[in-house]
There are 2 protein chains.
Amino acid sequence: MAVKERIRVGGRSARIQAAVHDAVRELSAEIDRAELTVPLIAARAGVTPSTIYRRWGDLSELLGDVAVERLRPVAEPLDTGSTAGDLEAWVVQYMEEMSSAVGRAMLRDVLINISEGNACQCANFTYEQLQMIADRAAHRGEVPFDVDDLVDRVIGPIMYHVLFGHGELTPDYCRMLLARVPELKGGADVQSARGEAS
Amino acid sequence: MAVKERIRVGGRSARIQAAVHDAVRELSAEIDRAELTVPLIAARAGVTPSTIYRRWGDLSELLGDVAVERLRPVAEPLDTGSTAGDLEAWVVQYMEEMSSAVGRAMLRDVLINISEGNACQCANFTYEQLQMIADRAAHRGEVPFDVDDLVDRVIGPIMYHVLFGHGELTPDYCRMLLARVPELKGGADVQSARGEAS
DNA sequence: GCCTTAACGCAAAGAATTTGCGTTAAGGCC
DNA sequence: GGCCTTAACGCAAATTCTTTGCGTTAAGGC
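Here's what I pulled together on the structure shown here. Note that this is a predicted model, so its numbers are computed, not measured.

Digging into the interface of chain A and chain B
- Contacts between the two partners involve 35 residues from chain A and, on the opposite side, 35 residues from chain B.
- Carbon and sulfur atoms supply 64% of the area buried between chain A and chain B, which totals about 2,900 Å² over both sides.
- Contact with chain B buries surface across chain A, with Asp152, Tyr160 and Phe164 of chain A losing the most and accounting together for 24% of the total.
- Viewed at the interface, chain B and chain A are joined by two salt bridges.

Below, the structure is given as structure tokens:
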């Protein structure tokens, strides 16, 4: 079935879900988080509050649902020609997205519902993107990096600083972390892992 | 029921805060998180709901407040005689506390209020504990590790796995991360940083 | 085109949150 | 020590949010 622009033609259910998601995105940009309520979202979306309560349970689950969608990657990682370049571009953009105000808000919404697999799903997005870069490296004949290892060395520290607000987050910091990945040490003239930030 | 031994003698305010905190801790252990409401906590603490609303604003801020107190270290890091031993003991315990159900719940409560400095305060607890171990290392004449570097290499990855639910969390994993800290490579027969988990 | 059923709208009931106002007690001052 | 000022609390009414029963709509199968 041909997918139209915004409103999914087939199904009242899908149409309402899209309207509610849109309402959340619009209102999130307009008003403060504490002011956001289910009745307000329902009014903007043109549905009754009970529809939202029955479908999502409560506000936090709805916000988590919307946040996962917004954190879903929209494209493949940029191909810069080299694995080091691909990783640097991707990681710096990841850092900037996550450390922005809207990024932090979405992370919070995703982490609120522990029972839901929201956070795990977002981690999967990251793994998939990094795996694409690793696969591309293998295709080029370069030695591919281990995705789990890169998450430990680069993604984990970045996310820690984003969530717990410690330390500076700069592209240089990202490069310093990337310089510690063993598979990337062959080509460039990166310093040893005794890296110093800024 | 709510026996009040630990009442802070000076001040109604402090007494009420202690009663409310106790009520939150008791109820958190008894009922599910979704069932926890301000009126319920107020009844257990023997205060009126409006007192809690005026003092903490809403439930999430109260829970964050309580969670920070519960995440505050109660003692200095265990002194095992060596820096490597101190770090291994501390990090493994940190991992076990944070990855437990109650630990995850407290982390969630702490991360919910971005505007509050709760998360930053918890990160400070970690820094202070690690700095104590580093100072002890210097006192022994060992080369002290850099706390920021250890947070990047060990704490960040652990917290990522705790929050985003990816990968296994075992003492061996903690040791593998610790083996990557350059200052700890001198004494032990640890592998190089090409570390592989279990 | 008809049938079954999941999902929605509406409205009333129930629960939580906010707010005005009187009261209590902590801390400063004499 | 007693008095005074004021921040914090208790109470209850008003408001807002959440839940729920029931009738209605429309998606998907035949």
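There's plenty left to go through after this.
A few points about the environment of leucine 130 of chain A
All names here are of chain A.
- Tracing the chain through its elements places leucine 130 in helix 7 (residues 118-140).
- By relative accessible area, which is 0% here, leucine 130 ends up buried.
- Note: C-alpha distance between leucine 130 and phenylalanine 145 (15 residues apart in sequence) is 9.4 Å.
- If sequence neighbours within four positions are ignored, leucine 130 has contacts with Leu87, Trp90, Phe145, Val147, Leu150, Val151 and Ile155.

Remarks on the relation of the copies chain A and chain B
- Between the two copies, chain A and chain B, the superposition gives an RMSD of 0.1 Å; the rotation angle is 180 degrees and the shift along the axis is 0.0 Å. Here the copies are linked by what is in effect a two-fold axis. It is glycine 156 of chain A whose C-alpha, among those of chain A, lies nearest the rotation axis, at 2.4 Å.
- Residue by residue, 100% of the interface of chain A is reproduced at the interface of chain B, so both copies engage with the same surface.

Overview of the protein's contact with DNA strand D
- As a structural note, the neighbourhood of DNA strand D is formed by 19 residues, with Tyr53 and Arg54 of chain A together with Thr51, Arg54 and Arg55 of chain B the closest of them.
- When the atoms of DNA strand D within 4 Å of the protein are sorted by group, sugar and phosphate make up 66%.
- Take arginine 12 of chain A: an N or O atom from its side chain is 3.0 Å from a base oxygen of DNA strand D.
- In this structure, a base nitrogen belonging to DNA strand D sits 3.1 Å away from a side-chain N or O atom of serine 50 of chain B.
- Listed by contribution, the elements that provide at least two residues to the surface near DNA strand D are helix 1 (12-30), helix 2 (38-45) and helix 3 (49-56) of chain A together with helix 1 (12-30) and helix 3 (49-56) of chain B.

Some points on the packing of helix 4 (residues 59-71) of chain A against helix 6 (residues 101-112) of chain A
All names here are of chain A.
- Contact pair helix 4 / helix 6: the axes reach a minimum separation of 8 Å and the direction vectors enclose 125 degrees. It follows that helix 4 is oblique to helix 6 by the angle criterion. Note that helix 4 runs across helix 6; the crossing there is left-handed. Contact with helix 4, carried on its side by Ser60, Leu63, Gly64, Ala67, Val68, Arg70 and Leu71, involves Val102, Met106, Asp109, Val110 and Ile112 of helix 6 and no other residues of that element.
- Looking at the contact of helix 4 with helix 6 residue by residue, the class counts come to eight nonpolar, two polar and two charged.

Conventions and cut-offs
Residues numbered from 1 in each chain as written. Chains lettered and ligands numbered in written order. Predicted model: local features only at pLDDT ≥ 70, side-chain atom pairs only at ≥ 80, totals over all residues. Heavy atoms only, no water. Contact = heavy atoms within 4.5 Å. Buried area = accessible area lost by both parts, 1.4 Å probe. Salt bridge = Lys/Arg side-chain N within 4 Å of Asp/Glu carboxyl O. Helix = DSSP H or I, 4+ residues; strand = E, 2+ residues; numbered from the N terminus. Buried < 20%, exposed > 50% of the residue type's maximum accessible area, 1.4 Å probe, protein only. Least-squares fit on C-alpha atoms with pLDDT ≥ 70 in both. Near = heavy atom within 4 Å. Polar contact = N/O pair within 3.5 Å; in protein donor to acceptor, adjacent residues only side chain to side chain. Axes fitted to C-alpha atoms, helices over the stretch in contact; angles between N-to-C directions. Parallel < 35°, antiparallel > 145°, perpendicular 65-115°, else oblique. Left-handed = near helix turned anticlockwise from the far one by under 90°. Nonpolar A, V, L, I, M, F, W, Y, C, P; charged D, E, K, R; others polar.

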